[in-house]
Amino acid sequence: MNWSKVKTIMIILFLCINIFLVISLITSRYESVTIRSETLEDTVEILQKNSIIVDRSIIPTKMENLPLLQMENSEQDPDLFAKKILGEGYDKKEDGNGYYYSSDGKTLEVHGCEFYYADEMPSEQLEPVNNETVESQVRKILEKMDFNTKYMVLKEVYTLGKDLYSVTFYQQFGGKQIFEDYVSVILGPKGITSMRGYLIVPKEFSGQSLSVRQITGILIDFVRNEDRPKDKVISITSISLGYRVDRSKTDIRETSAFPVWRITTDDGKYYDYEATTGRYILN
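### As for the environment of Ile178
For Ile178, the position within the fold is in strand β11 (residues 176–188). Ile178 gets classed as buried once you look at its relative accessible area, which sits at 0%. In this structure, the C-alpha to C-alpha distance between Ile178 and Val260, residues 82 residues apart in sequence, is 9.1 Å. Aside from chain neighbours lying at most four places away, what touches Ile178 is Leu69, Met71, Gln171, Gln172, Phe173, Pro202 and Tyr243.

In structure tokens form, the structure reads like this:
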């Protein structure tokens, strides 16, 4: 027997098997399902009969399998986080609800993964702030405070008064928004006057692929949702597929965000459903 040829054949065989497994993994991860036009029309009709208006053009017609999203707490040591925000020499108090820091008119509260910051008299040397520059100004300040801004995407900017702006960022990873994961800042002419947010940031996708329920089934469940208004006509303004972290957990170091369908209506409310099971998530 020619062992050299046998080994060569075995190497080629194992290589082919590995290639097949990789292709299968990729295909499984990104396998998609397309909703039939008849199903879409029937869903829109059922919604209308129940006083829910939706433009069929905003209903996603193709669903892809999605992995879990691994997340981590970017500031696992509250004292180190306080040092970044307040500098040295802060006062600290602690109780069962969280940590409280103060220094020279600045205060910081850390409750699990949530934080609240205020500065009575900010003294940053800022360039003139306007609607066009406010995002970049806030980003510079956050980066100076050593915030992880890599996956932050601007959500909205509001003018609150003369030279006073509200700026909100959300986290995005792999083209998907992470709902309920935000940083919101109030910026004045001398810097940040207040800020609040959530310290969980995306890390990587898991290898596990999850089947996503068709949005038409979720919309039918929405018809039966007891939390939606029943005494008036409402319009669905957007339907999004993103991720969400279990916010009931407080002391998080690492966790997984799961795929979520979010239905937003014209009264400003939103309704989240686990994309894999269809379970409604109470906000």
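The structure having been displayed, the exposition proceeds.
### Some points on the pattern of salt bridges
One pass over the structure, following the stated rule, counts 16 salt bridges. Between Glu38 and Arg36 there is a salt bridge, with the nearest N and O atoms lying 3.7 Å from each other. A salt bridge links Arg139 to Glu135, with the shortest nitrogen-to-oxygen separation between them at 3.2 Å. In this pair, Arg139 and Glu135 are both assigned in helix α4 (residues 134–144), four residues apart and thus about one turn of the helix distant. One continuous salt-bridge network, built from bridges that share partners, spans Glu180, Arg244, Arg262 and Asp272.

### A short note on the side chain of Glu75
The residue Glu75 is located in the loop between β4 (66–73) and α3 (78–86) in this model. The exposure class of Glu75 is buried, given its relative accessible area of 10%. Beyond its immediate sequence surroundings of up to four residues, Glu75 is in contact with Phe81, Lys84, Asp146 and Leu199.

### Here we look at helix α2 (residues 37–49)
Taking 1.5 Å of rise per residue, 13 residues should cover 18 Å, and α2 covers 19 Å from first to last C-alpha, within 8% of that figure. Within α2 the residues assigned to the buried category are Leu40, Thr43, Val44 and Leu47. Across the axial projection of α2, the buried residues extend over an arc of 95°, all falling on one side. Tucked into the core, α2 has its buried residues touching β2 (52–54) and α5 (215–223). At the exit of α2 stands Ser51, carrying a positive phi of roughly 65°.

### With respect to the pairing of strand β12 (residues 191–198)
Sheet analysis places strand β8 (residues 114–119) next to β12, joined by five bridges and oriented antiparallel. What sits directly across from Tyr116, in β12, is Arg196. For β11 and β12, the ladder comprises six bridges, and the chain directions are antiparallel. Bridged to Ile186 within β12 is Ser194. Linking two consecutive strands that pair antiparallel, namely β11 and β12, is a turn of two residues.

### Regarding the packing of α2 against α5
The contact between α2 and α5 brings their axes to 10 Å, and the two run at 15°. By the angle between their directions, the pair α2 and α5 is classed as roughly parallel. Remark: the crossing between α2 and α5 carries left-handed chirality. On the side of α2, the interface is formed by Thr39, Leu40, Thr43, Ile46 and Leu47, while α5 contributes Thr216, Leu219, Ile220 and Val223. Across the contact of α2 with α5, the residue classes tally to six nonpolar, three polar and no charged.

### Comments concerning the pairing of strand β14 (residues 234–244)
Of the pairings in the sheet, the one linking β2 to β14 comprises three bridges and is parallel in character. By the bridge assignment for β14, Ile53 is matched with Ser235. Bridge analysis of β11 against β14 gives two bridges, and the strand direction is parallel. Each residue of the ladder has a partner; that of Ile178, found in β14, is Tyr243.

### Focus on the packing of aromatic side chains
With the rule as written, the count across this model stands at nine aromatic pairs. Ring geometry for Tyr151 against Phe173: centres 5.1 Å apart, planes inclined by 70°, an arrangement best described as edge-to-face. With Tyr151 in the loop between α4 and β9 (152–161) and Phe173 in strand β10 (residues 164–173), this residue pair connects regions lying 22 residues apart in the sequence. Accessibility classification places Tyr151 together with Phe173 in one group, the buried group. Judged by centre distance (5.2 Å) and plane angle (45°), the ring pair of Tyr273 and Tyr280 falls under tilted.

### A short note on the side chain of Asp119
Tracing the backbone through its elements, the reader meets Asp119 in strand β8. Nearest to the buried, unbridged Asp119 among oppositely charged side chains is Lys106, at 4.4 Å. When sequence neighbours within four positions are dropped, the list of residues in contact with Asp119 reads Gly105, Lys106, Ile192 and Thr193.

### Here we look at unusual backbone geometry
Phi is positive for Asp104, close to 50°, though the residue is something other than glycine. For Asp104, the position within the fold is in the loop between β6 (98–103) and β7 (106–111). For Asp104, a relative accessible area of 78% gives the class exposed. We note that Asp146 has phi near 70°; this positive angle belongs to a residue other than glycine. Structurally, Asp146 can be placed in the loop between α4 and β9. Classification of Asp146 by relative accessible area gives partly exposed; the value is 46%.

Calculation rules
Residues numbered from 1 in each chain as written. Predicted model: local features only at pLDDT ≥ 70, side-chain atom pairs only at ≥ 80, totals over all residues. Heavy atoms only, no water. Helix = DSSP H or I, 4+ residues; strand = E, 2+ residues; numbered from the N terminus. Buried < 20%, exposed > 50% of the residue type's maximum accessible area, 1.4 Å probe, protein only. Contact = heavy atoms within 4.5 Å. Salt bridge = Lys/Arg side-chain N within 4 Å of Asp/Glu carboxyl O. Expected span 1.5 Å × (residues − 1). Arc of directions from axis to C-beta. Pairing = 2+ DSSP bridges. Axes fitted to C-alpha atoms, helices over the stretch in contact; angles between N-to-C directions. Parallel < 35°, antiparallel > 145°, perpendicular 65-115°, else oblique. Left-handed = near helix turned anticlockwise from the far one by under 90°. Nonpolar A, V, L, I, M, F, W, Y, C, P; charged D, E, K, R; others polar. Phe/Tyr/Trp six-rings, centres within 6.5 Å; stacked < 30°, edge-to-face > 60°. Lys, Arg positive; Asp, Glu negative; His and termini not counted.

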